[in-house]
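# Chain and residue survey
The chain contents come next:
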Amino acid sequence: MKQDLIIAIDGHSSTGKSSLSKLIAKQLGYTHIDSGAMYRAVTLFAYQNDLIEGNKVLVEQLVPRLEEIFIDFRYNTANNLNETYLNGVNVEDEIRGLQVSSMVSPIAVIPEVRDYCVALQQKMGENKRIVMDGRDIGTTVFPNADIKIFITASAEIRAKRRFLEFEREGKTISFDEVLKNVIERDHIDSTREYSPLRKAEDAIEVDNSNLNLEQTVEAVMKIISSKK
Ligand code: CDP
Ligand code: CDP
């Protein structure tokens, strides 16, 4: 296979992008970068600094403070995961909760936040050999990515996957709340003006409504191998 690829995996929330990207990166010996974790870390920073009031982001106050945010990923050998650090603190668990999930999309529409995260993502991709998952990787971050995949599945199936994940982690939350969050984020992500979620023209779409994770990995690895 051609070496030193950039593989972009975009799609709707909870389609399994990040689980898939992790497994593909592992098979190829590449680094996985979860771009959504960066928007989540910015959201956590906004909470920590009282820049969110109710469900309103104090955009004018957040923007000048973006320069105070430093995000990096560190590999944890205990669980084989690349974990997210915000200003030197491991926030991997905190950024996955419903509080951050419910405000991350309004934060991600802010053009300055996007510019900040995109610049960081492009820097991390400089040496190639990466699998990056998100919403606009194949369209904006790496429009020349070697392989572009767009993953989708029905909203109900995606909410069910996320709901089961919360249940496994012992978090109490109703299915309806999870479904509402999935639908709301899809809507905000696809309708925002600046760099919306959309399939790149040259991306290959995979609907995994009826595929488990293993079958999705198999389908995507086939696409990657066909680029030999
Ligand atoms: O894992 P999940 O699909 O729930 O979301 P995520 O990948 O962690 O991303 C969280 C949110 O960040 C998304 O709902 C988008 O609003 C935003 N995001 C984005 O705008 N662009 C990206 N490249 C990645 C995430
Ligand atoms: O990154 P994204 O939000 O797209 O999804 P994820 O966090 O990788 O996956 C969300 C949940 O769906 C995880 O618990 C996965 O194990 C599960 N999943 C699944 O049940 N079937 C699939 N085909 C893909 C993911």
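Residues numbered from 1 in each chain as written. Chains lettered and ligands numbered in written order. Predicted model: local features only at pLDDT ≥ 70, side-chain atom pairs only at ≥ 80, totals over all residues. Heavy atoms only, no water.

### With respect to the pattern of salt bridges
Test applied: What makes a salt bridge here is a side-chain nitrogen of Lys or Arg within 4 Å of a carboxyl oxygen of Asp or Glu, nothing more. Helix and strand definitions here come from DSSP, where helices need a minimum of 4 consecutive H or I residues and strands a minimum of 2 consecutive E residues; each element is numbered from the N-terminal end.
Throughout the structure, instances matching the rule amount to 14 salt bridges. The closest approach of N and O atoms between Arg96 and Glu92, which form a salt bridge, is 3.0 Å. Across the salt bridge formed by Asp189 and Arg135, the nearest N and O atoms sit 3.2 Å from each other. A residue pair is termed long-range when its members are at least 10 positions apart, and Asp189 in helix H8 (residues 175-191) and Arg135 in the loop between strand S8 (130-134) and helix H6 (137-141) qualify at 54 residues.

### Points about the site of ligand 2
Short version of the rule: In these notes, residues near a molecule or strand are those with any non-hydrogen atom within 4 Å of it. Under the rule applied, a polar contact is a pair of N or O atoms within 3.5 Å (in protein, one hydrogen donor and one hydrogen acceptor; residues adjacent in sequence only if both atoms are side-chain atoms). In this description, accessible areas are obtained by the Shrake-Rupley approach with a 1.4 Å probe, and a residue is regarded as covered only by the protein chains that are shown. By the convention adopted, Pro, Cys, Tyr, Trp, Phe, Met, Ile, Leu, Val and Ala count as nonpolar, Lys, Arg, Asp and Glu as charged, and the other residues, Gly among them, as polar.
Not every one of the 16 residues close to ligand 2 is listed here, only the nearest: Lys17, Ser19, Arg162, Glu165 and Leu211. Taking Arg162, its side chain carries an N or O atom lying 2.8 Å from an oxygen atom of ligand 2. Between ligand 2 and the protein, one listed contact pairs an oxygen atom with a side-chain N or O atom of Glu165 at 2.5 Å. For ligand 2, whose unbound accessible area comes to 540 Å², protein coverage reaches 83%. Of all the secondary-structure elements, those providing two or more residues to the shell around ligand 2 are helix H1 (17-28), helix H7 (155-168) and helix H9 (213-225). Here the shell around ligand 2 is built from residues that sort into 2 nonpolar, 9 polar and 5 charged.

### Quick notes on H8
For the record, the criterion: Each residue after the first adds 1.5 Å to the expected span of a helix. Per-residue accessibility, obtained with a 1.4 Å probe over protein chains only, is compared with the maximum for each type, and a residue is labelled buried under 20%, exposed over 50%, and partly exposed between these values. The arc in question is traced by the directions running from the helix axis to the C-beta atoms. Between two residues, a contact is recorded if the distance between any of their heavy atoms is within 4.5 Å.
Here H8 contains 17 residues, and its C-alpha end-to-end distance of 24 Å stays within 8% of the 24 Å for a straight helix at 1.5 Å per residue. Those residues of H8 that fall on the buried side of the exposure criterion are Val178, Leu179, Asn181, Val182, Arg185, Asp186 and Asp189. The arc that holds the buried residues of H8, viewed along the axis, is 160°, so those residues lie on one side. Facing away from the buried surface of H8 by more than 90 degrees, the exposed residues are Asp176, Lys180, His187 and Thr191. Where H8 is buried, its residues meet helix H2 (35-48), helix H4 (98-108) and H7.

### Some thoughts on the packing of aromatic side chains
Applied cut-off: Note on aromatic pairs: the rings of Phe, Tyr and Trp (six-membered ring only in Trp) are paired at centre separations within 6.5 Å, and the planes decide the class, stacked below 30 degrees, edge-to-face beyond 60, tilted for the rest. For a lysine, the NZ atom is tested; for an arginine, the CZ atom; a charge sits over a ring if that atom is within 6 Å of the ring centre and within 35 degrees of the ring normal.
Evaluation of the coordinates by the stated rule reveals 1 aromatic pair. Summarising the aromatic geometry, the rings of Phe163 and Phe175 are spaced 5.9 Å apart at their centres and angled 85° between planes, so their arrangement reads as edge-to-face. Of the two residues, Phe163 sits in helix H7 while Phe175 sits in helix H8, which places them 12 residues apart along the sequence. Phe163 sits in the buried class, given a relative accessible area of 19%. Phe175 gets classed as partly exposed once you look at its relative accessible area, which sits at 28%. In this structure, Arg74 packs its charged tip against the face of Tyr85, placed 4.0 Å from the ring centre.

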